[in-house]
Amino acid sequence: MLTAPTGAGKTALVRELDPSRFEIISFDSRQIYKELSIGTAAPSPQDCEKIPHHLVSFLSPSESIDAAKFVTKAEEALDNIFSRGKIPVLTAGTGFYLNAFLYGMFPVPKITEEVKLKVESLSMEERIRELQKLDPKALQKIFPNDNYRYGRALEVNWMGTLWSELKVEEGKGALISKNLNILGAFFLDLDRKELYERIDSRAKKMIESGMAEEAKRVSDKYGEDCPGLQSLGYNFALENIKGTSNLETFFGNLSQSHRNYAKRQITWFRKQKILEPIHPKEAYEKIKKI
């Protein structure tokens, strides 16, 4: 199992693993989308050809997916990999999905259609304001700009249950239901200066590779408010393509948003006792020896 903040080099590391022994299951709430590979830094077709990646680029930008459906797909991928006699490597940038898979789902109350429609009518800023009033602790557990998660938390709160106080249903996760044996659990822990330099470099590459044009294509096809474009940084890409920001502003906002996201990820991963902080080179050596 390999977790890492954005920009730490997780994709480059697993690309070098032996495909005759390993396959990858990705737990990333952004890289699930088709047509948005640049801004989500999804594994390239060449990466996926070199070593199989599951749960990458499979969902239309017009669609959303909840954790329960994601876990079901991850379990199917796990069974498929085991059926071929290979070792699954779980890679994660989104700890929420990974924990739901390993330990089980939260027992979320049934949401009425009325509440769903009410939440759908709110902008991300309005959802945040409502959560700040109803359940401020929820905002501490949701990564910035995760509009879908803001909505889910608000739905639960409006049904009379504090989202921040939901507890995992014990015994429902893959660790028990699939009798999963974790042979190594690592968190890529880079020096903060090195990580930020990598984030800056990747933000520059995203812009040069056409992130703004990618955002426009998807916006024209599915609408600016489609779920896929709620992914981190696409708001800045749309501002740029509309001419309301220059390249310097686009780069600064994109890089800073990824730095902020990385800080939240690092804080979350460091709280997970199962994870061993490790440098990417050391993690690669350990994984390939499994």
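Residues numbered from 1 in each chain as written. Predicted model: local features only at pLDDT ≥ 70, side-chain atom pairs only at ≥ 80, totals over all residues. Heavy atoms only, no water.

What follows is about the overall build of the protein chain. Along its length, the protein chain carries 15 helices and six strands. Here the C-alpha radius of gyration of the protein chain, 19 Å, is about what a compact globule of 290 residues would show, namely 19 Å. Here the C-alpha coordinates of the protein chain stretch approximately 50 × 45 × 35 Å along the principal axes. Each of the 290 residues in the protein chain was classed as buried or not, and the buried ones make up 48%. Counted over contacts in the protein chain with a minimum sequence separation of 6, partners at least 24 positions apart contribute 78%. (Helix = DSSP H or I, 4+ residues; strand = E, 2+ residues; numbered from the N terminus. Rg over C-alpha atoms; globule rule 2.2 N^0.38 Å. Buried < 20%, exposed > 50% of the residue type's maximum accessible area, 1.4 Å probe, protein only. Contact = heavy atoms within 4.5 Å.)

Attention now goes to the UniProt feature "binding site: ATP" (unreviewed entry) in the protein chain. When the UniProt feature table is mapped onto this chain, "binding site: ATP" (unreviewed entry) is found at Ala4, Pro5, Thr6, Gly7, Ala8, Gly9, Lys10 and Thr11. Mapped onto the elements, Ala4 comes out in the loop between strand E1 (2–3) and helix H1 (10–15). Overall, the relative accessible area of 1% leaves Ala4 in the buried class. Looking at the secondary structure, you find Ala8 in the loop between E1 and H1. (UniProt positions renumbered as here; feature names shortened; annotations may be inferred.)

As a further point, take the side chain of His54. Among the structural elements, His54 can be located in strand E3 (residues 53–54). What makes His54 buried here is its relative accessible area of 16%. Within polar-contact distance, the side chain of His54 engages the side chain of Glu23 at 2.7 Å. In this view, His54 contacts Glu23, Ile24, Ile25, Ser26, Ala77, Ile81 and Arg84; residues no more than four positions away in its chain are not counted. (Polar contact = N/O pair within 3.5 Å; in protein donor to acceptor, adjacent residues only side chain to side chain.)

What follows covers the domain arrangement of the protein chain. With domains assigned, the protein chain is organised as domain 1 (2–105 + 171–289) and domain 2 (113–165). Inter-centroid distance (C-alpha atoms) of domain 1 to domain 2 is 23 Å. Facing 13 residues of domain 1, the contacting portion of domain 2 comprises eleven residues. Here domain 1 and domain 2 share an interface that buries about 1,000 Å² over both sides, 57% of which is from carbon and sulfur atoms. Considering every element that reaches the side of domain 1 that touches domain 2, the biggest residue donor is helix H14 (residues 247–270), with four residues. (Domains from an automatic or database assignment. Buried area = accessible area lost by both parts, 1.4 Å probe.)

Here we come to helix H13 (residues 234–242). Of all the residues in H13, the buried ones are Tyr234, Phe236, Ala237, Leu238 and Asn240. Against the buried residues of H13 lie helix H2 (37–40), helix H12 (211–222) and H14. The positive-phi residue at the C-terminal boundary of H13 is Gly243, with phi of around 90°.

In this fold, Thr3 is placed in strand E1. Linking Thr3 and Thr94, residues 91 residues apart in sequence, is a C-alpha distance of 8.5 Å. In contact with Thr3, other than residues within four places in its own chain, are Ala92, Leu98, Phe186, Phe187, Leu188, Phe269 and Leu275.

Quick look at the packing of helix H6 (residues 113–120) against helix H9 (residues 147–158) now. For any two helices packed against each other, one specifies the inter-axial angle together with the distance between the axes. Axis separation between H6 and H9 bottoms out at 10 Å; the angle between their running directions is 135°. Overall, the two elements H6 and H9 adopt an arrangement that is oblique. Note that H6 runs across H9; the crossing there is right-handed. The residues of H9 that touch H6, namely those facing Val115, Lys116, Lys118 and Val119, are Gly151, Leu154, Glu155 and Trp158. Considering only residue class, the contact of H6 with H9 consists of four nonpolar, one polar and three charged. (Axes fitted to C-alpha atoms, helices over the stretch in contact; angles between N-to-C directions. Parallel < 35°, antiparallel > 145°, perpendicular 65-115°, else oblique. Left-handed = near helix turned anticlockwise from the far one by under 90°. Nonpolar A, V, L, I, M, F, W, Y, C, P; charged D, E, K, R; others polar.)

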